[in-house]
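# Architecture at a glance
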Amino acid sequence: MKMKAAMMYGPNDIRVEMVERPSCPIDGLVLKIMAVGLCGSDIRNLTYQIGDRLFLFPGTYCMECDDCISGHSENCTNVEKDLAGTGGFAQYVAVSGRKIQLGGIYHIPEDVTFEAASLGEPLTSVYACLENIRVGYGDTLVIIGAGPIGCFMAQLAKLRGAQTVIMVDINEKRLEMSREFGVDHLVNSAEKDPIEAVNQLTGRLGADKVISANPSNAAQAQSIFMVKKGGIVVFFGGVPKGSLTEIDTNYIHYSNIWIKGHFGASYIQSKRAYELAIDKNFPSHKFITHKLPLDKINDGIELTRSGEAIKVVLLPQD
Ligand SMILES: [Zn+2]
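Note that the structure is a prediction, hence the values are computed from the model and not measured.

### A few points about the overall build of the chain
In terms of helices and strands, the chain carries 12 helices and 15 strands. In terms of overall dimensions, the chain is globule-like: its C-alpha atoms have a radius of gyration of 20 Å, near the 20 Å expected for 318 residues. Dimensions of the chain, computed from the C-alpha atoms along their principal axes, are close to 60 × 40 × 40 Å.

Here it is, written out as structure tokens:
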């Protein structure tokens, strides 16, 4: 049997084609994909029925190594390639029995839309980052990068009680859209010096925490001058492969700055983030600006790239 799937042949070469539907692993299942976000209960013992509404968490972890056992499955190096499934930009995906045993499949409640549930994935990393650096009551947080991740961060920071969120970006359209998510101050770094702007907004003290959530080396270098003494800087976004960031380490040393990298989420953080995504009080509809059929995947990529969209969700069955 055939199905539609988006195949990647190279950079900027994604084609929607008819391919063989994956066959069902002996101990696994085949999931019909209703909604998949564009970017990126203990139910282990349940039997899945045809027609169940399920969420597939794409992360991989073994739950056997020291990192996994100690609660840091995001650092698992023991990953099995096929654990995440055969690829989400398609009409069906095969899920192995092992993935099900490891708790990588969650039920979607009847009153939650597939689109809202699909936010459970991008939300995981953001949820984990803000929890790890304990963004909380009274904090002033700077987020550099008003893309979908930056918008999730602003919303979650406010839910956690942050007092002030300052959003920095070079794209005015993105900045304006981020207002929706509780951002208090917008700084267009193409028009003014973002370090000076943050210093002015914080009474020259600097922010408690600064997160660089964008692919720019320059933003990483600037971020350390936006944080207060003893504050935390997080490098959340990956920069172009092989590029290096030049950083004033003396300034970091004398200012007692903590610098932290962030990638992924532990198993329990992923689960909590999913529960947040499907919570009635979480404004998932505000993040999903575009819903497109799978055939329009390239339009979705362009909408994301230009800053016109916050989150594009693809609906492979449309
Ligand atoms: Zn592991």
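On we go.
### Things to note about the sheet that holds strand E8 (residues 140–144)
Pairing in this open sheet of six strands is parallel, and the strands run E10-E9-E8-E11-E12-E13 from one edge to the other. Among the strands making up the open sheet, the edge pair consists of strand E10 (185–188) and strand E13 (258–261). Neighbour-to-neighbour, the strand axes of this sheet turn through a mean angle of 15°, independent of strand direction. Pairing geometry for E8 and strand E9 (residues 164–169), over five bridges, is parallel. Looking at the pairing, Val-142 lines up with Ile-166 of E9. Most of the contacts of helix H7 (residues 194–201) go to E10, to which it runs at about 160°, and overall it touches E8, E9, E10 and strand E11 (207–212).

### Examining the sheet that holds strand E15 (residues 311–315)
The sheet built from three strands is open, its strands ordered E4-E15-E14 with mixed pairing. Since the sheet does not close on itself, it has two edges, and those belong to strand E4 (36–37) and strand E14 (288–293), each with one partner. In this structure, E4 lies alongside E15, joined through two bridges in antiparallel fashion. The residue bridging Val-36 from the neighbouring strand is Leu-314, located in E15.

### Quick word on the packing of helix H4 (residues 120–132) against helix H10 (residues 267–277)
It is the contact of H4 with H10, at a shortest axis distance of 8 Å, that shows an interaxial angle of 120°. Crossing of H4 over H10 shows right-handed handedness. Along its contact with H4, which presents Gly-120, Leu-123, Thr-124, Tyr-127, Ala-128 and Glu-131, the element H10 presents Gln-269, Ser-270, Arg-272, Ala-273, Tyr-274, Leu-276 and Ala-277. Looking at the contact of H4 with H10 residue by residue, the class counts come to seven nonpolar, four polar and two charged.

### As for the pairing of E13
Two elements, strand E12 (residues 227–235) and E13, share four bridges in a ladder whose sense is parallel. In the strand pairing of E13, Ile-232 is matched with Trp-258.

### What to know about the domain arrangement of the chain
Taken domain by domain, the chain consists of domain 1 (2–123 + 266–315) and domain 2 (124–261). Listed by partner, the interface residues are 16 residues for domain 1 and 14 residues for domain 2. Within the residue set of the side of domain 1 that touches domain 2, elements represented by two or more residues are H4, H10 and helix H11 (284–287). Looking at the side of domain 1 that touches domain 2 residue by residue, the classes come out as six nonpolar, five polar and five charged.

### Details of the packing of H4 against helix H5 (residues 148–159)
Two elements in contact, H4 and H5, have axes separated by 10 Å at closest approach and are oriented at 50°. As the angle between them shows, H4 and H5 are arranged oblique. As H4 runs across H5, the sense of the crossing is right-handed. Taken together, the residues of H5 that come into contact with H4 (itself represented by Pro-122, Leu-123, Val-126, Tyr-127 and Leu-130) are Pro-148, Ile-149, Phe-152, Met-153, Leu-156 and Ala-157.

### With respect to the nonpolar core
If you look at soluble globular proteins, the nonpolar side chains tend to sit buried side by side. Counting residues in hydrophobic clusters, the biggest one holds 81 residues, and the most contacted among them are Val-142, Ile-143, Met-153 and Met-167. Here the element with the most residues in this core is H5; it accounts for seven residues. Setting aside its immediate chain neighbours within four residues, Met-167 contacts Ile-143, Ala-146, Gly-150, Ala-154, Leu-175, Ser-178, Val-183, Leu-186 and Val-187. Counting five residues, the second largest nonpolar core, distinct from the first, contains Tyr-61, Cys-68, Leu-102 and Tyr-267.

### Remarks on unusual backbone geometry
Located in the positive-phi region is Met-63, a residue other than glycine, with phi close to 60°. With respect to the helices and strands, Met-63 occurs in the loop between strand E5 (54–56) and helix H1 (66–69). In this structure Met-63 comes out as partly exposed when scored by C-beta crowding, with 13 C-beta atoms within 10 Å. Although it is not a glycine, Arg-204 sits at a positive phi angle of roughly 65°. For Arg-204, the location among the structural elements is in the loop between H7 and E11. Residue Arg-204 is classed as exposed on the basis of its C-beta count, with 10 C-beta atoms lying within 10 Å.

### Description of the environment of Val-183
With respect to the secondary-structure elements, Val-183 resides in the loop between helix H6 (172–178) and E10. Spatially, the C-alpha atom of Val-183 lies 9.8 Å from that of Leu-141, the residues being 42 residues apart in sequence. Beyond its immediate sequence surroundings of up to four residues, Val-183 is in contact with Ala-154, Val-165, Met-167 and Ser-178.

### What to know about H4
When the terminal C-alpha atoms of H4 are compared, their 18 Å separation across 13 residues agrees well with the 18 Å that a helix rising 1.5 Å per residue should span. Taken across its 13 residues, H4 has 11 buried, putting it largely inside the fold. Among the residues of H4, Gly-120, Glu-121, Pro-122, Leu-123, Thr-124, Ser-125, Val-126, Tyr-127, Ala-128, Cys-129 and Leu-130 are the ones counted as buried. Looking at the residues trailing H4, positive phi occurs at Arg-134, about 50°.

How each quantity is defined
Residues numbered from 1 in each chain as written. Predicted model: local features only at pLDDT ≥ 70, side-chain atom pairs only at ≥ 80, totals over all residues. Helix = DSSP H or I, 4+ residues; strand = E, 2+ residues; numbered from the N terminus. Rg over C-alpha atoms; globule rule 2.2 N^0.38 Å. Pairing = 2+ DSSP bridges. Axes fitted to C-alpha atoms, helices over the stretch in contact; angles between N-to-C directions. Contact = placed C-beta atoms within 7 Å. Left-handed = near helix turned anticlockwise from the far one by under 90°. Nonpolar A, V, L, I, M, F, W, Y, C, P; charged D, E, K, R; others polar. Domains from an automatic or database assignment. Parallel < 35°, antiparallel > 145°, perpendicular 65-115°, else oblique. Core = buried A, V, L, I, M, F, W, Y, C linked by C-beta atoms within 7 Å. Buried ≥ 20, exposed ≤ 12 C-beta atoms within 10 Å, placed from the backbone. Expected span 1.5 Å × (residues − 1).

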